[in-house]
Amino acid sequence: MILSRRRFLGLAAAAVTTLPAAAAAAVADFGGRCRTSPGALAAGQWAMVIDSRRLARPERRAAVIAACHAFHNVPDLPGPRRVAWIEQHSFAETFPGLPSAFSPANLADRIFLTLCNHCRNPPCVRVCPTGATFRRQDGIVGMDSHRCIGCRYCMAACPFGARSFNFEDPRPAAVNPVYPLRERGVVEKCTFCAGRLSEGRLPLCVEAADGAIAFGDLADPASSVRSLLAENFAVRRNPGLGTEPGVYYIL
Amino acid sequence: MAARRLPFSRFSLWLLFLGCLSLPGAYFYLEQYRQGICLTGLSRDVPWGLYVAQFTFLVGVAASSVVFTLPAHFHQDQRFARLLLPAESLAIGAVFSACLFVFVDLGRPERLWNILLHPHPGSLIFWDMIALPGYLVLTSLLFWLRWNRQRHGIPPPPRTGGLLTLSIFWAFSIHTLTAFLYAGLPGRDFWFSAILAARFLASAFCSGPAILLLLALAGQRFFRLSPDPQALRALLRIITYTMGLTIFFFLLACFSVFYGQIPAQTASFAMLASSSSLPAWCLGTALVSFSLLACPAARAHPVLLPLSLVLVLVSIWLDKGYLFILGGFSRNPFGQAAFYAPSLPEACIALSIYACGALVVSIGLRLGSAEESGLRPEPGRGAASPGRERKGAAGEKFR
Amino acid sequence: MIYNAGYVLPGLALFAALVLGPFLLAAGGPYRPPALTPAEKGVSCIEERAVMAAGHRVLLFAWRDAAVCRNSRLYLASDGRSWTVSLEGTCLACHSRKAGFCDSCHAANLVTPSCWGCHKAPEKP
């Protein structure tokens, strides 16, 4: 049979593309053998209540931020390309539109700790093309740096400016060998210390804040966060956007 | 003719020039891949800048092929049918460049396949990953089918009709998806507008035909081409009306912002307007170009017409290709003004990608300058290589 | 009917020789793995040696997805022991001399895992 060149090329292309995929060898199901750690803390909806009155002193806030950044190998790159999992911002910056000309003086000068709010309806999770950021059943918005392609769509989508991108190779001053770094080209943010929660320990910022930050389960009526929210008026950042943030601030 | 004979044709020299223009960008991109996106002017407050803006602009130019395919296919309008090959060349070059711009913007481009391996249909970038390469394949296929048969004087096969219909809907979709990238983000008030897709399409249907009309006028003036004057008149009409629509849609957005006076929206508008003089230039060139286009004497003028088209492109590029992206980030989530300026490596990479796109468009235009497009060079004029003379001689037989 | 067979066929033969040559020249000898620094502690590894040698890449990828995406950080080995899912905490706790263990075998097999960009092992002398 005489084939025209065009038909030959077409058949060759079809043959290559329809080659059966390499049969996966009988691989042991390693993933199926993984379980939740027995000592892990579980919750229906993790949330945080930050009492800003008890974090008025700058050294206390700095200690909280240092505890987080040192453990998680967050590099110290001040300026427009900073990487920060937890930051400090003024009242007007944290709650745009909330302050008025007649707000109390101690509130106008208050500095707040801002971090990822682990929203219940997170726009960053909606827009991520690979699922590198995802919402867990217990409410934590996780971050998989292995899968992130660095498109930064989540940074455009986050209404709270909680996410940082590694514009260059992060080189923290001291590397904590127990926790991995990130490479250039991926997004990172607060993870509510998911690893520590699975070991039964609270997040580092909570421990360093010495009671100023409460962390608990909103679905549990007896939790610390529920009792604090019942007794104090607490606000969330930009609640009108409908993202349902999980970080509450007692003003 | 023989006295000015060059070893290479002018077209080859043009391609070589474009190839050389792509080299600095390739070098700077390798540096950017090695060092990270820190080589650009992007920051934590402005995560998207020049690259994503060019992607937005070029997807619009790519989608504008529908201005030609829709009348030609649905209404058998022969004026547009003759311009189908050049329009599809422009679309192929534009979508190819748009894909390149997305690629160079990624922090970890080697993980691009994660979008397909772990699909998330809720993300617009997932749909863009499917729609843009699909549009590239579709338009290339249509170009090849039409060009191959035009070469031999045979009408296109019947199945091209189905592909053409698909490409019409696909072209609308790619630019609507691009608008959806921005229009669904709750925290970005500058972008959060239902009319965004309509604004994008209007400016796209203005910029694409404007590029093609400029190329046709340049061909008429410098390369002795003879495009169909009826087709050019129809194009000019479309450009005029869509430019008017673009300005009108912008004014609609201004009304909502400044009459509603919601601080978040007025602040982001105001921060963008005060960041540089570019917003004033954008609006100014838009109004001047529209005035020129609407004025019959200016439309017929040999200098004012190309000038008005250039101004159209300048204003739409300033809008979609720069200021629109910055507007979403000019006010960061903490209410502070954010600053962005492209760095030199960033600008070089962008220029080189444009050169690659121009290369693709040039090859397509050259291939497509066949009988029916009306852009066939008249034989015996300006021929600098034997190949050209032969083609000219063959062309004479069919005249 | 092949056009220019006089050029095409010798060219194909040359191509085949260039591509298959290294394999044919090296064929016949058994694979000799490089000398590896043994693990520090006396405990045996998570799975059998053969399984780990062949499948540690798949195991680590499965661990990665289980820990990060599903929060499943306890691994039940086939012999019933349970381990914490952690590269630094479990694997590198025993195989602490990365240069003598991980790197020597990877280098011999021309494998460049991208893991070490982020997961920094403590360098012990």
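This write-up is about the structure you can find in this document. (Residues numbered from 1 in each chain as written. Chains lettered and ligands numbered in written order. Predicted model: local features only at pLDDT ≥ 70, side-chain atom pairs only at ≥ 80, totals over all residues. Heavy atoms only, no water.)

Points about the arrangement of the chains
Thinking step 1. For the two pairs of chains in contact, the largest share of contacts goes to chains A and B.
Thinking step 2. These two, chain B and chain C, are apart from each other, with no contact and a minimum C-alpha gap of 12 Å. (Contact = heavy atoms within 4.5 Å.)

Notes on the environment of A:Arg81
Thinking step 1. Within the fold, A:Arg81 resides in the loop between helix H2 (58-71) and strand S3 (86-90).
Thinking step 2. A:Arg81 sits 84 residues away from A:Phe165 along the chain, and the two C-alpha atoms are 7.7 Å apart.
Thinking step 3. Ignoring sequence-local partners within four residues, the contact set of A:Arg81 consists of A:Phe167, B:Cys38, B:Thr40, B:Gly41, B:Leu42, B:Ser43 and B:Arg44.
Thinking step 4. A polar contact is formed between the side chain of A:Arg81 and the backbone oxygen of B:Leu42, at a distance of 2.8 Å. (Helix = DSSP H or I, 4+ residues; strand = E, 2+ residues; numbered from the N terminus. Polar contact = N/O pair within 3.5 Å; in protein donor to acceptor, adjacent residues only side chain to side chain.)

Notes on a nonpolar patch on the surface
All names here are of chain C.
Thinking step 1. Together, Leu-14, Phe-15, Leu-18, Val-19, Leu-20, Phe-23 and Leu-24 line one region of the surface with nonpolar side chains, adding up to about 800 Å² of accessible area.
Thinking step 2. Residue position: Leu-20 is located in helix H1 (residues 5-26).
Thinking step 3. The exposure class assigned to Leu-20 is partly exposed, which follows from its relative accessible area of 45%. (Patch = residues over 30% accessible without salt bridge, like charges linked within 9 Å, V, L, I, M, F, W, Y side chains within 5 Å. Areas by Shrake-Rupley, 256 points an atom, 1.4 Å probe, with all protein chains shown as cover. Salt bridge = Lys/Arg side-chain N within 4 Å of Asp/Glu carboxyl O. Buried < 20%, exposed > 50% of the residue type's maximum accessible area, 1.4 Å probe, protein only.)

Side note on the interface of chain A and chain B
Thinking step 1. With 47 residues of chain A in contact, the opposing surface of chain B contributes 42 residues.
Thinking step 2. Note on chain A versus chain B: buried area summed over both sides is about 3,700 Å², and carbon and sulfur give 52% of it.
Thinking step 3. On inspection of chain A and its partner chain B, the count reaches three salt bridges.
Thinking step 4. A salt bridge links B:Arg108 to A:Glu183; the nearest nitrogen and oxygen atoms lie 3.0 Å apart.
Thinking step 5. Remark: the boundary between chain A and chain B carries 29 residue pairs in polar contact (both at pLDDT 80 or more).
Thinking step 6. Taken together, the elements giving at least two residues each to the side of chain A that touches chain B come down to S3, helix H3 (91-94), helix H5 (123-127), helix H6 (153-157) and strand S7 (164-165) of chain A.
Thinking step 7. When residues in the side of chain A that touches chain B are grouped by element, the largest group, four residues, is from H6(A).
Thinking step 8. Residue classes in the side of chain A that touches chain B are distributed as 23 nonpolar, ten polar and 14 charged. (Buried area = accessible area lost by both parts, 1.4 Å probe. Nonpolar A, V, L, I, M, F, W, Y, C, P; charged D, E, K, R; others polar.)

Some thoughts on empty space enclosed by the protein
Residue and element names in this part refer to chain A.
Thinking step 1. Counted under the stated rule, the structure contains nine cavities of 30 Å³ or more.
Thinking step 2. When its volume is computed, the largest cavity comes out at roughly 100 Å³.
Thinking step 3. Residue lining of the largest cavity: 15 residues in total, with Cys-116, Cys-119, Cys-124, Cys-158 and Phe-160 positioned closest to the centre.
Thinking step 4. Its residues assigned to classes, the lining of the largest cavity comprises eleven nonpolar, two polar and two charged. (1 Å grid on protein atoms, 1.4 Å probe; cavity = no way out; pocket = protein on both sides within 12 Å on 5 of 7 lines; lining within 4 Å. Points joined across faces, edges and corners; volume = space filled by probe spheres on them.)

Observations concerning the interface of chain C and chain A
Thinking step 1. In this assembly, 27 residues from chain C lie in contact with 26 residues from chain A.
Thinking step 2. Interface area for chain C against chain A, summed over the two sides, is near 2,300 Å², with a carbon-plus-sulfur share of 62%.
Thinking step 3. Linking chain C to chain A there are zero salt bridges.
Thinking step 4. On the surface where chain C and chain A come into contact, there are six residue pairs in polar contact (both at pLDDT 80 or more).
Thinking step 5. If one sorts the elements of the side of chain C that touches chain A by residue count, helix H2 (residues 49-70) of chain C sits on top with eleven residues.
Thinking step 6. When the residues that make up the side of chain C that touches chain A are grouped by side-chain class, the tally is 15 nonpolar, six polar and six charged.
Thinking step 7. Where strand S1 (residues 34-35) of chain A lies against strand S1 (residues 74-76) of chain C, two bridges are found, and the strand directions are antiparallel. Residue pairing across strands places A:Cys34 opposite C:Tyr75, the latter belonging to S1(C). (Pairing = 2+ DSSP bridges.)

A short note on the pattern of salt bridges
Thinking step 1. One pass over the full model with this rule turns up 17 salt bridges over all chains.
Thinking step 2. For the salt bridge of A:Glu87 with B:Arg44, the shortest nitrogen-to-oxygen distance reads 3.6 Å. With A:Glu87 in strand S3 and B:Arg44 in the loop between helix H1 (10-35) and helix H2 (50-63), this residue pair bridges two chains. There is no split in this pair, since A:Glu87 and B:Arg44 are both buried.
Thinking step 3. The network of salt bridges with shared partners includes A:Arg82, A:Glu87 and B:Arg44.

Describing the side chain of A:Glu93
Thinking step 1. Here A:Glu93 is to be found in helix H3.
Thinking step 2. We note that A:Glu93 is buried and unpaired, the nearest opposite charge coming from A:Arg82 at a distance of 8.2 Å.
Thinking step 3. In terms of polar contacts, A:Glu93 uses its side chain to reach the side chain of A:His89, at 3.0 Å.
Thinking step 4. Of the polar contacts made by the side chain of A:Glu93, one reaches the side chain of B:Gln336; its length is 2.9 Å.
Thinking step 5. Here A:Glu93 is in contact with A:Arg237, B:Pro333, B:Phe334 and B:Gln336, once residues within four sequence places are set aside. (Lys, Arg positive; Asp, Glu negative; His and termini not counted.)

What about the packing of aromatic side chains?
Thinking step 1. Counting across every chain of the model gives 34 aromatic pairs over all chains.
Thinking step 2. Taken together, a centroid distance of 5.9 Å and an interplanar angle of 65° make the contact between A:Phe91 and A:Phe95 edge-to-face. No difference in accessibility class separates A:Phe91 from A:Phe95, as the two residues are buried.
Thinking step 3. What links up through ring pairs into an aromatic cluster is the set A:Tyr153, B:Trp48, B:Tyr182, B:Phe190, B:Trp191, B:Phe200, B:Phe258, B:Phe269, B:Phe324 and B:Phe329.
Thinking step 4. It is A:Arg152 that lies over the ring of A:Phe165; its NZ or CZ is 5.0 Å from the centre.
Thinking step 5. Lying over the aromatic face of C:Phe61, C:Arg64 brings its terminal NZ or CZ to 4.7 Å of the ring centre. (Phe/Tyr/Trp six-rings, centres within 6.5 Å; stacked < 30°, edge-to-face > 60°. Lys NZ or Arg CZ within 6 Å of the ring centre and 35° of its normal.)

What about the packing of helix H12 (residues 278-294) of chain B against helix H14 (residues 304-329) of chain B?
All names here are of chain B.
Thinking step 1. In the contact formed by H12 and H14, the axes pass within 8 Å of each other and the chain directions differ by 145°. Of the two possible hands of crossing, H12 and H14 adopt the one that is left-handed. For the pair H12 and H14, contact is made by Leu-278, Pro-279, Trp-281, Cys-282, Thr-285, Ala-286, Val-288, Ser-289, Leu-292 and Leu-293 and by Leu-304, Leu-307, Ser-308, Leu-309, Leu-311, Val-312, Val-314, Ser-315, Leu-318, Asp-319, Tyr-322 and Leu-323, respectively.
Thinking step 2. Residues that form the contact of H12 with H14 fall into these classes: 17 nonpolar, four polar and one charged. (Axes fitted to C-alpha atoms, helices over the stretch in contact; angles between N-to-C directions. Left-handed = near helix turned anticlockwise from the far one by under 90°.)

Notes on the pairing of strand S2 (residues 46-51) of chain A
All names here are of chain A.
Thinking step 1. Judged by how many residues are buried, S2 sits mostly within the fold: six of six residues are covered.
Thinking step 2. As judged from the five bridges shared by S2 and strand S9 (residues 213-217), these two strands associate in the antiparallel manner. Bridge pairing in S9 places Ile-50 opposite Ile-213.

Some details on the sheet that holds S1(A)
Thinking step 1. Spatial ordering of the open sheet is given by S1(A)-S1(C)-S2(C), a layout of three strands whose pairing is antiparallel. Both edges of this open sheet fall to S1 of chain A together with strand S2 (82-84) of chain C, since each of them pairs with a single strand only.

Describing the packing of H1(B) against helix H15 (residues 344-368) of chain B
Residue and element names in this part refer to chain B.
Thinking step 1. Viewed as axis vectors pointing N to C, H1 and H15 meet at an angle of 150°, and their least axial separation amounts to 7 Å. Note that H1 runs across H15; the crossing there is left-handed.
Thinking step 2. Of the residues assigned to the contact of H1 with H15, the class counts are 18 nonpolar, six polar and one charged.

Digging into H2(A)
Residue and element names in this part refer to chain A.
Thinking step 1. Taking 1.5 Å of rise per residue, the 14 residues of H2 would be expected to cover 20 Å, and the 20 Å separating its terminal C-alpha atoms lies within 8% of that figure.
Thinking step 2. Turning to H2, its buried residues are Arg-61, Val-64, Ile-65, Cys-68 and His-69. One side of H2 holds all its buried residues, which, seen down the axis, span an arc of 120°.
Thinking step 3. Check the buried side of H2 and you find it contacts S3, strand S4 (111-115), helix H8 (204-208) and S9. (Expected span 1.5 Å × (residues − 1). Arc of directions from axis to C-beta.)

As for unusual backbone geometry
Thinking step 1. In the Ramachandran plot, A:Asp210 falls in the positive-phi region, its phi being about 55° despite a non-glycine side chain.
Thinking step 2. In this structure A:Asp210 comes out as exposed when scored by relative accessible area, which is 61%.
Thinking step 3. In the Ramachandran plot, C:Asn71 falls in the positive-phi region, its phi being about 60° despite a non-glycine side chain.

Quick notes on the sheet that holds strand S11 (residues 247-250) of chain A
Residue and element names in this part refer to chain A.
Thinking step 1. Strands sit in the order S9-S2-S11-S10 across an open sheet of four strands; the sheet is mixed. Every other strand in the sheet has two partners, leaving S9 and strand S10 (234-235) as the edge strands with one partner each.
Thinking step 2. Docked against the sheet, helix H9 (residues 224-231) engages S2, S9, S10 and S11, running at close to 115° with respect to S9.

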